[in-house]
Amino acid sequence: PVKGEILPPTKGDFGRRLRRAREGAGITQAALGAKVGGVTQKAVSEWESGLAGPDIETLGQLAAVLATTVGWLVAGDGAPPDIRAKGQRKPRTKP
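The rules behind the values
Note on numbering: residues in each chain are counted from 1, in written sequence order. Reporting in this predicted model follows two pLDDT cut-offs: at least 70 for local features of residues, and 80 or more for side-chain atom pairs to be given and counted; totals over whole chains, interfaces and linings ignore these cut-offs and use all residues. The side-chain values count all of the structure's non-hydrogen atoms but skip hydrogen atoms and water molecules. Helical segments are the DSSP runs of H or I of at least four residues, strand segments are the runs of E of at least two, and each set is numbered from the N terminus. Basic side-chain nitrogens of Lys or Arg form a salt bridge, by our definition, when they fall within 4 Å of a carboxyl oxygen of Asp or Glu. Remark: exposure states derive from per-residue accessible area (1.4 Å probe, protein chains only) relative to the maximum for the residue type, with buried under 20%, exposed over 50%, and partly exposed in between. Buried Ala, Val, Leu, Ile, Met, Phe, Trp, Tyr and Cys residues form a nonpolar core when they are joined through side-chain atoms within 4.5 Å. Residue contacts follow a heavy-atom distance rule, with two residues in contact if any of their heavy atoms lie within 4.5 Å. The arc under discussion is defined with respect to the helix axis, by the directions toward the C-beta atoms.

Enquirer: Go over the environment of A64, please, and point to the residues and values.
Expert: Tracing the sequence through the fold places A64 in helix α4 (residues 56-65). Counting along the chain gives 29 residues from A64 to K35, while the straight-line C-alpha distance between them is 10.0 Å.

What follows is the structure, given as structure tokens:
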């Protein structure tokens with residue numbers, strides 16, 4: 001891994017979970033990068049494809065932006081983020 005990375009470049013599960021959470025949130029790679037401190041779209045693409053991984057600080061920001069936990073992103077621990085198909089509304093709760 002590159003200095004500062006917490007994940008080896010071959011860690012594909014992280015990339016799949018990151019993509020799932022990002023697409024579920026309805027945001028582009030470029031928008032996600034901008035929300036976590038100006039990371040490039042290319043960097044996000046590399047994370048999703050398993051070519052690289054974010055540093056620990058960025059990982060925490062990713063989890064916050066995607067409404068999930070670091071544990072879920074890295075290891076699949078716990079519940080995944082609340083992901084809906086595009087255009088699907090949140091179910092109404094009774095008052």
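Let's pick the thread back up.
Enquirer: Outline the pattern of salt bridges, listing residues and values.
Expert: Inspection of the entire model under this criterion finds four salt bridges. Where E48 meets R19, a salt bridge forms, and the shortest distance between an N and an O atom there is 3.1 Å. A residue pair is termed long-range when its members are at least 10 positions apart, and E48 in helix α3 (residues 41-49) and R19 in helix α1 (residues 12-25) qualify at 29 residues. By relative accessible area, E48 is classed as buried at 6%. The residue R22 makes a salt bridge to E48 at a minimum N-O spacing of 2.5 Å. Within this pair, whereas R22 is found in helix α1, its partner E48 is found in helix α3, the two being separated by 26 residues in sequence. The pair R22 / E48 is uniform in exposure class, with both members buried. Members of the salt-bridge network, linked through shared partners, are R19, R22, E23 and E48.

Enquirer: Can you tell me about the environment of I56, naming the residues and giving the values?
Expert: Tracing the chain through its elements places I56 in helix α4. Taking the relative accessible area as the measure of exposure, I56 reaches 57% and is therefore exposed.

Enquirer: Could you give me a rundown of the nonpolar core, with the residues and numbers involved?
Expert: Core analysis: the biggest nonpolar cluster contains 17 residues, and F14, L18, L32, W47, L62 and L73 have the highest contact counts within it. Secondary-structure elements contributing two or more residues to this core are α1, α3, α4 and α5 (70-75).

Enquirer: Give me unusual backbone geometry: which residues, what numbers.
Expert: Residues other than glycine seldom take positive phi values, yet A67 does so here, at roughly 55°. With respect to the helices and strands, the residue A67 is situated in the loop between α4 and α5.

Enquirer: Go over the side chain of R22 with me, naming the residues and quoting the values.
Expert: For R22, a relative accessible area of 8% puts it in the buried group. Excluding residues within four positions of it along the chain, R22 makes contact with I27, T28, Q29, L32, E48 and L66.

Enquirer: Quick rundown of α3? Include the residues and the values.
Expert: Along α3, the residues classified as buried are A43, V44, W47 and E48. Within α3, the buried residues cover an arc of 135° as seen down the axis, which keeps them to one side. Just past α3, the residue G50 takes up positive phi, approximately 80°.

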